[in-house]
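# Descriptive analysis of the structure
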Amino acid sequence: MMKLAPPYHGASSAILIIALLSIASGFSTNNIHLISRRRDHHSTTCSLLHSAPSSNSDGIQQQQHSAEEEGNVQHYFSFTSSNPSNNLQIINRRKWLASQILASSIFTCAANANAEGSDTDTSTATKQVSSRIVPRNKSVIVIGANGGTGRECVSAVLASGRSCIAATRSGMFNYDEEGESLELLLQRSNPNLHESQADVTDLNSLLSMVVDNSNNNNKEEIGAMIFAASASVKGKTPGVNDAYTVDYQGVINAAQCCIQRNIPRLIVVSSGAVTRPNSPVYKLLNFVGGGIMEAKVRGEDGARELYREDGARRKGLGYTIVRPGGLTSDPIPLGPSHLEVNQGDDKSGRLSRADVAGICVACLEEGSTFDATFECYESNTAKPVENVGLSNILKSTDATSYKSGREWTGGTWDGLLGGLKSDF
């Protein structure tokens, strides 16, 4: 059984909040030494800052695995619209993350204070929540956490106040030290972050990672799994980490794991234009990615069939398939007011990995995304799939006038996602 870290404590939380306020207001993060860069160092500055879980006792060294590097072959054709290493953008990223952590910390402190001061059984309140919404006291597993999209998903889950299990093939989450203290504070010393080993190509590996929720007396059960793994263009080994084993068989394994272990929601990060084999973007990505688009659509179809069966439906388990357009590395998400979703796979565009992660986390609280498949992209980049490849290359922000009749926009996540239709 996976044991979660202890909750925040009031005094140490106050220290964290003060530090975050300082960072958010523009002070240099180099002057805030709350934690050490060393994995095995326990911070003495603040009792809140727990060390990251230790590596496996058998001395497994951290490795690079192509199925988790960068996460998606689309990265190589999405033409990053900004340079994330630019100093100003790193500063803005830190400030944005600080505000997210601050909000998360306040939420968590308040929740713990209420829990400590009340003897009320929370199970009653939980039962009142729709079964299609994943309560915030449920942990979220991120598969492929060392990839570009997976890393953003980990950050988004933590920023929402949820507990996150970063699952990688090596069992160790690659902490990003480029942003120094703030990102490390968000990741390495966040008591809501846990590491786990999992190989998506091996169903038994996934099953051994989690216990059956129906037999789990731990209040912090697994509420969802986000599948953010994908075969990389670089370093592929046929039968080990290629498109077939990761993007097809890996998705099937994840779906089987969620159903067998009674995990309420599986969220799969797939790709736009995946059902349009005659479109130029499909042909290009499928060729360069070694059949990756074909593998993705087979993975989607296989997962739907598993969830269509009586067992999954009787248990109230569901899935969400997110089909992002071309992925960029913009450091700060634009949010729902700048995005558009569509159903039918006839429109696409581009958006940041950070916004994809935001969508995945928002789906946990939107019942309309239960058993639904949809495309997502920045609204001003929307194009028919036949033209989206060239549009992304040119970084066009001239949205198409074409309307499918299945688009949704909104200033909030509910407004953006609330009109989605179920696949069944």
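In what follows, the structure referred to is the one given above.
Cut-offs and rules
Residues numbered from 1 in each chain as written. Predicted model: local features only at pLDDT ≥ 70, side-chain atom pairs only at ≥ 80, totals over all residues. Heavy atoms only, no water. Pairing = 2+ DSSP bridges. Helix = DSSP H or I, 4+ residues; strand = E, 2+ residues; numbered from the N terminus. Axes fitted to C-alpha atoms, helices over the stretch in contact; angles between N-to-C directions. Contact = heavy atoms within 4.5 Å. Patch = residues over 30% accessible without salt bridge, like charges linked within 9 Å, V, L, I, M, F, W, Y side chains within 5 Å. Areas by Shrake-Rupley, 256 points an atom, 1.4 Å probe, with all protein chains shown as cover. Salt bridge = Lys/Arg side-chain N within 4 Å of Asp/Glu carboxyl O. Expected span 1.5 Å × (residues − 1). Buried < 20%, exposed > 50% of the residue type's maximum accessible area, 1.4 Å probe, protein only. Disulfide = S-S within 2.5 Å. Phe/Tyr/Trp six-rings, centres within 6.5 Å; stacked < 30°, edge-to-face > 60°. Lys NZ or Arg CZ within 6 Å of the ring centre and 35° of its normal.

### Examining the sheet that holds strand S11 (residues 372-378)
Taken in spatial order, the eight strands line up as S3-S2-S1-S4-S5-S6-S11-S8 in an open sheet, and their pairing is mixed. Strands with a single pairing partner mark the edges of an open sheet, and in this sheet they are strand S3 (193-197) and strand S8 (339-342). Strand after strand, the sheet turns through a mean of 25° between neighbouring axes, direction not considered. Summarising the sheet, strand S6 (residues 318-324) and S11 pair through five bridges and their orientation is parallel. Across the sheet, residue Ile321 finds its bridge partner in S11, namely Thr373. Its contacts with the sheet put helix H4 (residues 148-159) on strand S1 (139-143), strand S2 (164-168), S3, strand S4 (222-227) and strand S5 (265-269), and the angle it makes with S1 is roughly 170°.

### What about a nonpolar patch on the surface?
A cluster of nonpolar side chains, contributed by Leu390, Ile393 and Leu394, occupies part of the molecular surface with about 320 Å² of accessible area. Tracing the backbone shows Ile393 in helix H12 (residues 388-393).

### Structural notes on helix H9 (residues 292-308)
Two residues of an α-helix separated by three or four positions point the same way, owing to the 3.6 residues in each turn. The end-to-end C-alpha distance of H9 is 24 Å, a good match for the 24 Å that 17 residues give at a rise of 1.5 Å each. Of all 17 residues that make up H9, twelve are buried, and the element is covered over most of its length. Listing the buried residues of H9 in full gives Ile292, Met293, Ala295, Lys296, Val297, Gly299, Glu300, Gly302, Ala303, Arg304, Leu306 and Tyr307. In this structure, the buried side of H9 is in contact with helix H7 (243-260), S5, helix H8 (280-288), helix H10 (310-315), S6 and S11.

### Some words on the state of the cysteines
Disulfides are covalent bonds that connect the sulfur atoms of two cysteines. Evaluation of the coordinates by the stated rule reveals zero disulfides. Cys164 takes part in no disulfide bond, and the closest cysteine sulfur, belonging to Cys153, lies 8.5 Å away.

### Concerning the packing of aromatic side chains
The tally for this structure, following the rule as stated, stands at three aromatic pairs. Ring centres 5.1 Å apart and planes at 55° place the aromatic pair Tyr244 and Tyr248 in the tilted group. Here Tyr244 and its partner Tyr248 are both found in helix H7, four residues apart, which amounts to about one turn of the helix. Classification of Tyr244 as partly exposed rests on a relative accessible area of 43%. With centroids separated by 5.4 Å and ring planes inclined at 50°, the aromatic side chains of Tyr307 and Tyr319 adopt a geometry described as tilted. With Tyr307 in helix H9 and Tyr319 in strand S6, this residue pair connects regions lying twelve residues apart in the sequence. With relative accessibility at 0%, the residue Tyr307 sits in the buried group. The exposure class of Tyr319 is buried, given its relative accessible area of 1%. Aromatic ring contacts, followed pair by pair, group Tyr307, Tyr319 and Phe424 into a single cluster. One residue, Arg298, lies across the ring of Tyr248, its end atom 4.3 Å from the ring centre.

Interpretation in functional terms is not warranted from these geometric data alone.
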